[in-house]
Amino acid sequence: MKFDLSILAKHIPFLLEGAWLTLQACTLAVIGSLVLGLAVGAMRTSASPLLNRLAAVYVDIFRNIPFIVQLFFFYFGLPEIGIYIDAFTTGVVALSIAGGAFTSDVIRSGILAIDPGVIEAAQVSGLKKSTIFRRIILPIALRASIRPLGSVFVNLILTSSILSTITLNELTGSAKIVASNTFRPFEVYFVLLVAYAALTYTVSILIGMLHRHLNRHQAEGAV
Amino acid sequence: MRYGDFTPFDIVLLLQGLGVSLALFVSTTLIGLVIGTAWAVIRFYRVPVLAQIVAFIAELLKNSPVLVQLFLVFFGLPAFLKINVTPTEAAVITLSGNSAAFIYVIAVSAIESVGRDQIEAARVFGLTRWQILRRVIAPQAAAFAIGPLTGLLVNQLQVTSLISVIGVMDLTKVGNILNLRTLKPFIVWTAVGALYYLTAKLVAYAGGRFEKRLRAHTAWRGL
């Protein structure tokens with residue numbers, strides 16, 4: 001069979017619709033996992049052993065169980081206990097929870113990398129605990145962890161393709177439909193693969209630029 | 001009549017699924033190790049053209065969803081090349097390639113972690129290129145790589161769950177079947193998740209043990 005991409009031309013609007021859904025799901029999941037990751041990261045670095053333990057268990061569980069199993073757990077399990085939400089919401093929630101585990105790890109190591117002297121200086125200045133966390137710890141930790149956060153988010157974009165298994169027609173799901181309509185699976189999935197690679201590659205370049213920009217005042221080598 | 005209850009045979013089924021997952025995990029890891037290391041060696045010797053191609057392929061495989069790669073191999077290749085690809089073959093090809101891409105990155109940085117001066121010293125002693133690679137670089141690079149490699153393998157174990165989508169009878173697929181039969185998603189997916197979790201912990205533990213052995217020569221032995 002010839003490698004012919006022109007047959008895809010009339011399916012591009014449909015694929016773009018899927019891409020739009022992927023974008024929505026990923027944006028919401030990035031926000032969700034960032035919020036969750038910040039909270040859990042703070043718990044993991046807190047002085048309370050109980051919070052610490054709880055957060056560690058959460059991260060341990062969601063990092064060591066495949067995302068597709070988590071997704072099925074939520075997708076099939078939630079209706080069982082009377083919560084009826086659509087596939088999109090389930091997908092975003094599952095992505096956020098799984099992403100939150102990875103994000104919290106990054107944020108935790110960002111917080112642990114802060115020079116204790118900085119925190120001590122803030123403490124002797126008489127700042128409140130919450131102020132220290134918001135104004136001193138978070139800016140430093142977040143700025144230093146832009147790049148690792150970026151790779152977590154790139155992973156999130158790639159993981160979002162799994163949402164197609166719960167009937168959500170995002171980019172991969174709609175490509176599946178196009179492939180079965182045109183009988184040209186090779187061309188469709190090849191284009192899809194290149195599209196995902198280009199997208200995530202661009203995202204990681206942008207993240208790298210952001211990282212360098214935010215850390216431009218740091219010493220050479222620390223960036 | 002519906003057979004909606006759990007039977008003792010379900011445990012056998014789950015263990016069978018776990019066996020399939022494990023077998024695929026181990027075999028694709030070994031293939032991936034061989035290919036990934038070979039790619040890294042190609043880069044180490046700076047083979048013209050080939051090194052660039054390898055870098056490009058690895059980048060493409062790392063930056064695209066495994067699910068799409070799986071579809072490309074399972075649905076795309078048979079249609080394009082007019083060959084038959086069974087689900088298991090497609091799974092082996094995809095997972096090996098994906099593992100290879102990530103192992104390539106680890107191997108490259110592991111090789112680079114060995115100082116240039118050591119290589120120069122070895123050259124001065126008249127060692128051949130192969131001897132340098134085998135006797136000087138490999139042992140040190142292996143000790144360096146085992147940590148990141150363990151992390152990668154825990155991740156790759158979870159990636160194997162995706163092959164259930166193309167119909168390989170792995171642990172996730174068994175979970176899916178049990179879920180559809182018994183309609184008890186919480187029990188089924190908790191059991192599946194627990195099995196994955198235990199396996200991931202086992203992989204991490206084995207990696208830790210192996211790392212200790214490889215680093216034994218630098219370990220603190222006491223005075």
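Residues numbered from 1 in each chain as written. Chains lettered and ligands numbered in written order. Predicted model: local features only at pLDDT ≥ 70, side-chain atom pairs only at ≥ 80, totals over all residues. Heavy atoms only, no water.

A. Structural detail: the overall build of chain A. The secondary structure content of chain A amounts to nine helices and zero strands. Along chain A, from the amino end to the carboxyl end, the secondary structure elements read α-α-α-α-α-α-α-α-α. If you line up chain A on its principal axes, its C-alpha atoms span 70 × 50 × 25 Å. Considering chain A as a whole, with its 223 residues, one finds that 44% of them fall into the buried category. Residue pairs in contact within chain A that sit at least 24 positions apart in sequence constitute 74% of those at least 6 positions apart. (Helix = DSSP H or I, 4+ residues; strand = E, 2+ residues; numbered from the N terminus. Buried < 20%, exposed > 50% of the residue type's maximum accessible area, 1.4 Å probe, protein only. Contact = heavy atoms within 4.5 Å.)

B. Representation of the interface of chain B and chain A within the structure. Between chain B and chain A, the contact holds 38 residues from the first and 36 residues from the second. Summed over both sides, the interface between chain B and chain A buries roughly 3300 Å², with carbon and sulfur atoms accounting for 77% of that surface. Together, N63(B), F80(B) and F186(B) form the three largest contributors to the area buried by chain B at its contact with chain A, with a combined 19%. Summed over the shared surface of chain B and chain A, the result is one salt bridge. One salt bridge in this structure joins K201(B) and D60(A), with 2.8 Å as the shortest N-O distance. Summed over the shared surface of chain B and chain A, the result is five residue pairs in polar contact (both at pLDDT 80 or more). (Buried area = accessible area lost by both parts, 1.4 Å probe. Salt bridge = Lys/Arg side-chain N within 4 Å of Asp/Glu carboxyl O. Polar contact = N/O pair within 3.5 Å; in protein donor to acceptor, adjacent residues only side chain to side chain.)

C. Quick look at the UniProt feature "domain: ABC transmembrane type-1" (unreviewed entry) in chain A. Here the UniProt-annotated "domain: ABC transmembrane type-1" (unreviewed entry) positions come out as residues 19-207 of chain A. Across residues 19-207 of chain A, helical content stands at 83% and strand content at 0%; the span's end C-alpha atoms are separated by 20 Å. (UniProt positions renumbered as here; feature names shortened; annotations may be inferred.)

D. Representation of the layout of surface pockets. Residue and element names in this part refer to chain A. Of the voids in this model, the second largest pocket is the one considered here, and its volume is about 550 Å³. Every residue lining the second largest pocket is counted, 22 residues in all, and those nearest its centre are A19, T22, L23, L171 and L199. Ranked by residue count, the leading element in the lining of the second largest pocket is helix α1 (residues 12-44), at 10 residues. (1 Å grid on protein atoms, 1.4 Å probe; cavity = no way out; pocket = protein on both sides within 12 Å on 5 of 7 lines; lining within 4 Å. Points joined across faces, edges and corners; volume = space filled by probe spheres on them.)

E. Quick look at the nonpolar core. Within the largest apolar cluster, 77 residues are counted, with the highest numbers of intra-cluster contacts made by F67(A), L162(B) and V192(B). Setting aside residues no more than four positions away along its own chain, V192(B) makes contact with V69(A), L14(B), L171(B) and G175(B). (Core = buried A, V, L, I, M, F, W, Y, C linked by side-chain atoms within 4.5 Å.)

F. A look at the packing of α1(A) against helix α2 (residues 49-64) of chain A. Residues and elements named next belong to chain A. Where α1 contacts α2, the two axes come as close as 7 Å, and the packing angle between them is 130°. For the element pair α1 / α2, the angle class is oblique. α2 is crossed by α1, and the crossing has left-handed handedness. Residue-level contacts link L36, V40, M43 and R44 of α1 to L51, N52, L54, A55, A56, Y58 and V59 of α2. Grouping the constituent residues of the contact of α1 with α2 by class yields nine nonpolar, one polar and one charged. (Axes fitted to C-alpha atoms, helices over the stretch in contact; angles between N-to-C directions. Parallel < 35°, antiparallel > 145°, perpendicular 65-115°, else oblique. Left-handed = near helix turned anticlockwise from the far one by under 90°. Nonpolar A, V, L, I, M, F, W, Y, C, P; charged D, E, K, R; others polar.)

G. Inspection of the UniProt feature "transmembrane region" (unreviewed entry) in chain A at higher detail. All names here are of chain A. The UniProt record marks residues 20-43, 55-75, 81-102, 149-168 and 188-210 with the feature "transmembrane region" (unreviewed entry), using the residue numbering of this structure. Along residues 55-75 the backbone is 90% helical and 0% strand, and the end-to-end C-alpha distance reaches 24 Å. The span residues 81-102 is 73% helix and 0% strand, and its two end C-alpha atoms sit 27 Å from each other.

H. Structural detail: the UniProt feature "domain: ABC transmembrane type-1" (unreviewed entry) in chain B. In the numbering used here, UniProt assigns the "domain: ABC transmembrane type-1" (unreviewed entry) feature to residues 18-207 of chain B. Across residues 18-207 of chain B, the secondary structure splits into 83% helix and 0% strand, with the terminal C-alpha atoms separated by 20 Å.

I. Examining α2(A) more closely. Relative to the 22 Å expected for 16 residues at 1.5 Å per residue, α2(A) spans 22 Å between its end C-alpha atoms, a close match to the ideal helical length. Among all positions of α2(A), only A55(A), A56(A), Y58(A), V59(A), F62(A) and N64(A) are buried. (Expected span 1.5 Å × (residues − 1).)

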